[in-house]
Amino acid sequence: MHDVAHEVVNFIDLNAFSIIFLFIVGFIGGLVSGFIGSGGAFVLTPGMMSLGVPGTVAVASNMCHKFPKSLVGAFKRFKYGQVDIKLGLVMAASAAVGVQIGIRFQQYVLEKWGQAGSDLYVSLSFVAVLVIVGGYVFYDAWKISKSGGEEKVSSLAKKLQSLKIPPMIHFKTANVTISLWFTVPVGLATGLLAATIAVGGFVGVPGMIYLVGVGGLIASATELVIAFVMGFGGSVNWAMHGMVDIRLVLIILGGSLLGVQLGAIGTTYVKEHMIKIVMGTIMLIVAVSRAMAVPKYLNQLGITHMDVGTVDFLTKASFALMCLGLAVGATIILSSMWKASRAAARLQESYGQAV
Amino acid sequence: MSMLEGRAEEATSGERRERKKILVVGKEELFTEEIVNYAIHLAERLDYDILAMNVGTAWREGATLTSQAHLREAFKRRATAVGVAFKRKAAQSDIHCEHVVKFGNLGTAVEELIHGIKRIEFVVTESEASKDEVIREVTIPVFSVVSNSWTVNGGKIMAGEYGMEKRKPVGATIGYGVLTVALYAAVFTHSDTVMQFFTKGGWYAALPIATVFVFSFAHGHFSGHLWSLLGVEAMKRVVRRETEQPVARERKRVQKRPRLSAYIDPFHKI
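Let me sum up the structure you'll find in this document. Everything numeric here is computed off the predicted structure, so don't read it as measured data. (Residues numbered from 1 in each chain as written. Chains lettered and ligands numbered in written order. Predicted model: local features only at pLDDT ≥ 70, side-chain atom pairs only at ≥ 80, totals over all residues. Heavy atoms only, no water.)

1. Section: the interface of chain B and chain A
Move 1: Every contact between the two is made by 49 residues of chain B and, on the other side, 54 residues of chain A.
Move 2: Roughly 4,100 Å² of surface becomes buried between chain B and chain A when both sides are summed, with 73% attributable to carbon and sulfur atoms.
Move 3: Applying the counting criterion to the chain B and chain A interface returns zero salt bridges.
Move 4: For the pair chain B and chain A, the interface holds eight residue pairs in polar contact (both at pLDDT 80 or more).
Move 5: Of all the secondary structure elements, the ones that give two or more residues to the side of chain B that touches chain A are α2 (33-46), β4 (120-125), β6 (156-158), α6 (170-189), α7 (191-198), α8 (206-229) and α9 (236-269) of chain B.
Move 6: Examining the composition of the side of chain B that touches chain A, we find that 13 residues originate from one element, α8 of chain B, more than from any other.
Move 7: Within the side of chain B that touches chain A, the residues separate by chemical class into 27 nonpolar, twelve polar and ten charged. (Contact = heavy atoms within 4.5 Å. Buried area = accessible area lost by both parts, 1.4 Å probe. Salt bridge = Lys/Arg side-chain N within 4 Å of Asp/Glu carboxyl O. Polar contact = N/O pair within 3.5 Å; in protein donor to acceptor, adjacent residues only side chain to side chain. Helix = DSSP H or I, 4+ residues; strand = E, 2+ residues; numbered from the N terminus. Nonpolar A, V, L, I, M, F, W, Y, C, P; charged D, E, K, R; others polar.)

Spelled out as structure tokens, the structure:
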């Protein structure tokens with residue numbers, strides 16, 4: 001792969017538009033991932049590709065920006081006492097194994113059905129996972145906000161915690177004691193999904209919340225540790241093949257480090273279930289977006305024979321919808337932060353008047 | 001007055017809603033006149049109740065149990081008398097006031113009270129020192145009445161709310177900002193050379209990895225300081241509550257242990 005890479009890869013020339021585009025997407029992606037633990041990658045990778053960046057370079061550069069961003073976000077949220085490092089490391093270790101399994105499976109699919117088949121598989125699993133998990137997260141968030149904003153540990157997580165199968169493991173910050181046998185599969189699934197659809201957090205965070213029984217705040221903060229470990233390993237691998245375009249990485253990082261800190265600060269302004277609302281909303285929008293990309297692959301495989309114009313339109317609409325998903329998430333975060341800070345300012349004012 | 005009407009309404013409604021309270025912490029068994037006036041004035045304006053507390057903290061290590069109990073009794077008597085005076089004064093302004101006496105650590109006493117009694121909105125202490133002691137334990141705002149600091153209007157100057165005393169990091173923001181700009185300039189003015197070496201693969205992989213670490217250090221610090229310079233800072237309240245719960249629970253467990261072993265040991269000798 002090493003030699004091939006050098007012949008094939010063309011690094012793009014940067015212009016003002018691409019710089020501004022990457023900076024802004026970096027910022028919004030950072031904001032969302034600082035808040036919910038992951039996100040941004042699903043827009044950045046296709047976004048870079050639409051600027052003419054080769055697929056592998058886009059994936060490599062995205063990953064190389066992800067791990068320092070997660071590091072900064074995790075550090076910030078660690079200071080707020082939201083990160084369970086032990087849980088993060090256990091999850092990351094099992095996710096690393098999951099990634100390897102995912103890559104093997106992906107290669108198998110690629111050999112058997114070719115590129116279009118592989119793309120179809122990725123899109124379909126994307127849609128299936130996002131609709132089921134995202135739908136549940138959204139439903140749960142809606143239920144919590146209706147009942148006054150109190151989060152409860154899911155009954156499934158309680159049941160799993162009560163099964164004392166050794167080795168039991170205690171996570172101090174998350175305040176959870178659970179068998180390793182239930183923690184590892186969540187990590188494996190995160191890695192598997194990360195290898196398949198590049199956004200492991202979409203299953204990792206809900207997994208930690210609903211299966212392990214961790215609160216939304218700590219789960220999303222801990223996801224940043226997982227993203228750092230996984231992103232670091234992946235980036236070293238890609239960099240050894242010379243695939244990282246450091247210019248793209250630094251431009252995105254310019255925006256995303258600003259965003260990730262704002263997102264991390266945002267978690268201290270809002271009620272815990274806001275994380276679920278943002279996450280569920282983004283997941284559902286992205287699911288629709290990926291579903292719109294499916295006809296293209298079906299056409300390529302010769303299963304359907306749709307009009308080229310329609311397919312082209314759907315592909316573009318799919319990308320636009322993905323951007324919209326990210327923008328909606330960012331808007332919810334910023335507006336709820338704004339509301340919370342206004343409420344705090346009013347409280348301060350009433351103290352001020354009293355003096 | 002509307003306040004009186006409000007009270008009447010509350011009393012008649014079946015489910016009495018808990019009223020908001022100011023917790024006033026005295027100096028040992030006393031309340032200075034300043035803090036009493038200040039608290040009543042504040043409660044009147046905000047339409048809050050007052051909860052006054054005296055905490056007996058200065059107990060000698062060597063004192064015997066009986067003499068300690070004696071001292072406590074005396075402290076309680078004196079404090080109650082002061083509390084009655086406080087209540088009477090508050091009643092003159094039509095403010096409901098409760099009084100409690102506790103012993104031990106000041107911070108722990110306040111924390112216990114906040115957990116036990118609903119809707120304590122903030123704490124007012126006599127001195128900066130006791131304010132600091134309380135701040136360590138609780139998540140709600142704590143103010144102190146700084147003595148002998150009259151404003152032009154004749155009011156008291158109050159110490160700032162917890163968390164607001166931090167100075168804006170202007171110097172640090174500029175410093176890290178300059179560093180970040182310099183780093184970006186260095187990479188982008190030599191982008192051809194940089195790209196040539198950074199994409200060689202193999203051991204050259206260390207170059208992009210090290211670069212992003214350096215950038216995330218400089219730019220990460222810059223952006224962090226920038227947000228606090230712009231006034232966007234974490235609200236400590238929410239977060240502390242999340243994290244301090246398990247710690248508080250653990251402390252209780254530790255206290256119980258020695259008692260258990262004290263019962264078991266003699267039994268084994270028999």
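Back to the write-up after that little detour.
2. Topic: the packing of α6 of chain B against α8 of chain B
Each pair of packed helices can be described by the angle between their axes along with the distance between the axes.
All names here are of chain B.
Move 1: Interaxial distance between α6 and α8 falls to 8 Å at its minimum, and their mutual angle equals 140°. You can see that α6 and α8 cross each other, and the crossing is left-handed. Each of Val170, Ala172, Thr173, Tyr176, Gly177, Leu179, Thr180, Leu183, Tyr184 and Val187 in α6 lies in contact with α8, whose residues at this interface are Val214, Phe215, Phe217, Ala218, His219, His221, Phe222, His225, Leu226 and Leu229.
Move 2: Here the contact of α6 with α8 is composed, by residue class, of 14 nonpolar, six polar and no charged. (Axes fitted to C-alpha atoms, helices over the stretch in contact; angles between N-to-C directions. Left-handed = near helix turned anticlockwise from the far one by under 90°.)

3. Points about the packing of aromatic side chains
Move 1: The tally for this structure, following the rule as stated, stands at 18 aromatic pairs over all chains.
Move 2: Through a chain of ring-to-ring contacts, the aromatic side chains of Phe67, Phe228 and Phe232 of chain A together with Phe213 of chain B assemble into a single cluster.
Move 3: Across the ring face of Trp113 of chain A, the terminal group of Lys112 of chain A is positioned such that the distance to the ring centre comes to 5.7 Å.
Move 4: Cation over ring: Arg72 of chain B sits above Phe103 of chain B, and NZ or CZ is 4.8 Å from the ring centre. (Phe/Tyr/Trp six-rings, centres within 6.5 Å; stacked < 30°, edge-to-face > 60°. Lys NZ or Arg CZ within 6 Å of the ring centre and 35° of its normal.)

4. A word on the nonpolar core
Move 1: Of all hydrophobic cores here, the largest spans 97 residues; its most connected members are Ile36, Phe42, Phe202 and Val214 of chain A.
Move 2: Considering every element that reaches this core, the biggest residue donor is helix α10 (residues 246-266) of chain A, with 13 residues. (Core = buried A, V, L, I, M, F, W, Y, C linked by side-chain atoms within 4.5 Å. Buried < 20%, exposed > 50% of the residue type's maximum accessible area, 1.4 Å probe, protein only.)

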